[in-house]
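Per-entry structural report
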Amino acid sequence: MTSGRTRTGSSPFAFLWAAQFLSQLGDSIFQVAFIWLVLDITGSKTLTGLAAAMAYLPSLLFGIAAGFLIDRWNRRRVLAGADLARAVLLVIASVLLLQGRLNAVGLAAVAFGMATASVLFNPARDSLLPELVPASRLPRANAWVQLSQQAAWLAGPLAAGAVIAAAGVRSAFPFCAILFGASFGFLALLGGAGRAHRGDAPLPGLARDFLDGMRWVLADRTLVVLLLLTALDNLFIMGPGLMTAVLVKDTLHLDAKAFAIAESAYGVGMILGSLLVGRVLGPARQGWILLWAIALDGFTYVPLYFCRSLAFLYVALLLHSIVIPFITVPRAVILQRIVPPARMGRVFSLVNFTVFGVTAISV
């Protein structure tokens, strides 16, 4: 476990934290711009929902296979490659938007490509973390990763609103490309990290490795229960959450800037939740905290039915989002402690598959 410092004198975790923040910031800004552009171009809630579902489809198609590859490849290179691919894709999309040649179908294709890279990025990040920090520090390290992610989801909509107000919604695409390029640079500073899980033993054949890994996962009752709980929670929650744009546009009759402000509530709430969960999470509490948080994840959505103002929407989303880190952090810590390093990529990819794949169905 390389929990020491790099040749630059900085902690490898700090580089991963910075890369995670910049990458998630790029994702956050892209999601705001993408949803609003599709809704603006088509004027259709149905098509907007379908386009949003396309963005989550790669998790259904490639989610399980992604984990298999993450366990065989260098995890740092997987992270860096995912960010580089997104930067290049957004540069191409920016040029097409400038030329007026990117319609709703093209935007959905861009979102599909961005989501395909994310299928690799998020599980590789969570699988690499135990290599960079000691086991005793995993709860706090996961809380800090979640904090950086939520800070990005707070800053993202606000930055999107500023960029949209200054130069139009299309200008968000090249801005995001720069962020993904900067994340790639921080990941390059991690040096030789990312290979510890492979060891010196020769790799088994592709088919055998895949089947053995899936049998191992399905034989573990704790993993199966965690995946089922995650699937049920996201089935009922994620679809309505993605339709905040429709609520802002059709019910509140407001603009893209108001949508960005509403989305920033997620960042504020999840930052607060990440700070709180790091203080209360202990080995004996992880399972119970996870169960209560999943229940609250549903109950805190009820007030949205009564929303008739931007202020009401902001407060409702803020309260709802405080609960989210109480799901994601305990789940990650449980998995990092019970799953062998050589199989961790598959397990986190299954979680990613469950979250984003079920989200596509929910939408």
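Residues numbered from 1 in each chain as written. Predicted model: local features only at pLDDT ≥ 70, side-chain atom pairs only at ≥ 80, totals over all residues. Heavy atoms only, no water.

1. Comments concerning the overall build of the protein chain
Secondary structure summary: the protein chain contains 14 helices and zero strands in total. Reading the secondary structure of the protein chain in the N-to-C direction produces α-α-α-α-α-α-α-α-α-α-α-α-α-α. For the protein chain, whose C-alpha radius of gyration is 20 Å, the value lies close to the compact-globule estimate of 21 Å for 363 residues. Considered along the principal axes of its C-alpha atoms, the protein chain spans approximately 60 × 45 × 40 Å. By residue count, 55% of the 363 residues in the protein chain fall in the buried class. The contacts of the protein chain with a sequence gap of at least 6 include a subset with a gap of at least 24, amounting to 86%. Entry remark: accessible area of the protein chain is about 15800 Å², with carbon and sulfur atoms responsible for 69%. Taken as two groups, the 27 positive and 15 negative side-chain charges of the protein chain have centres that lie 5 Å from each other. (Helix = DSSP H or I, 4+ residues; strand = E, 2+ residues; numbered from the N terminus. Rg over C-alpha atoms; globule rule 2.2 N^0.38 Å. Buried < 20%, exposed > 50% of the residue type's maximum accessible area, 1.4 Å probe, protein only. Contact = heavy atoms within 4.5 Å. Areas by Shrake-Rupley, 256 points an atom, 1.4 Å probe, with all protein chains shown as cover. Lys, Arg positive; Asp, Glu negative; His and termini not counted. Charge placed at Lys NZ, Arg CZ, Asp CG, Glu CD.)

2. Quick notes on the side chain of Ser28
Tracing the backbone through its elements, the reader meets Ser28 in helix α1 (residues 12-42). For Ser28, a relative accessible area of 1% puts it in the buried group. Apart from residues lying up to four places away in sequence, Ser28 is in contact with Ala152, Trp153, Gly156 and Pro157.

3. Observations concerning the confidence of the model for the protein chain
Per-residue pLDDT for the protein chain averages 82, and the proportion of residues at 70 or more is 91%. Per-element mean pLDDT across the protein chain ranges from 77 in helix α7 (residues 206-219) up to 92 in helix α6 (residues 172-188). Under a pLDDT of 50 for its full length, residues 1-9 has, in the predicted model, 20 contacts with residues more than four places off or in other chains. (pLDDT = per-residue confidence, 0-100.)

4. With respect to the packing of α1 against helix α5 (residues 138-167)
Across the interface, α1 lies against α5 with an axial gap of 7 Å and an inter-helix angle of 35°. As α1 packs across α5, the resulting crossing turns out to be right-handed. Here the contact of α1 with α5 is composed, by residue class, of 17 nonpolar, seven polar and one charged. (Axes fitted to C-alpha atoms, helices over the stretch in contact; angles between N-to-C directions. Left-handed = near helix turned anticlockwise from the far one by under 90°. Nonpolar A, V, L, I, M, F, W, Y, C, P; charged D, E, K, R; others polar.)

5. Considerations on the pattern of salt bridges
Evaluated as defined, the whole model comprises five salt bridges. The salt bridge involving Asp71 is made with Arg75; its shortest N-O contact spans 2.7 Å. The same class applies to Asp71 as to Arg75, namely buried. Residues Arg86 and Asp83 are paired through a salt bridge, measuring 2.8 Å at the closest nitrogen-oxygen approach. (Salt bridge = Lys/Arg side-chain N within 4 Å of Asp/Glu carboxyl O.)

6. Points about the nonpolar core
Within soluble globular proteins, side chains that are nonpolar generally end up buried alongside one another. One finds Phe30, Phe34, Leu90, Val110, Phe173 and Leu313 to be the most contacted residues of the largest nonpolar core, which totals 58 residues. No other element matches α1, which puts 12 residues into this core. Ignoring any residue separated from it by four or fewer positions in sequence, one finds Phe173 in contact with Phe30, Ala33, Leu37, Leu90, Ala93, Ser94, Leu97, Leu107 and Val110. Counting residues in hydrophobic clusters, the runner-up holds 26 residues, among them Val329, Val333, Ile334 and Leu335. (Core = buried A, V, L, I, M, F, W, Y, C linked by side-chain atoms within 4.5 Å.)

7. As for the environment of Leu16
Structurally, Leu16 is set in helix α1. On the accessibility criterion, Leu16 (2% relative accessible area) is buried. Considered as a pair, Leu16 and Leu79 are 63 residues apart in the sequence and their alpha carbons are 9.6 Å apart.

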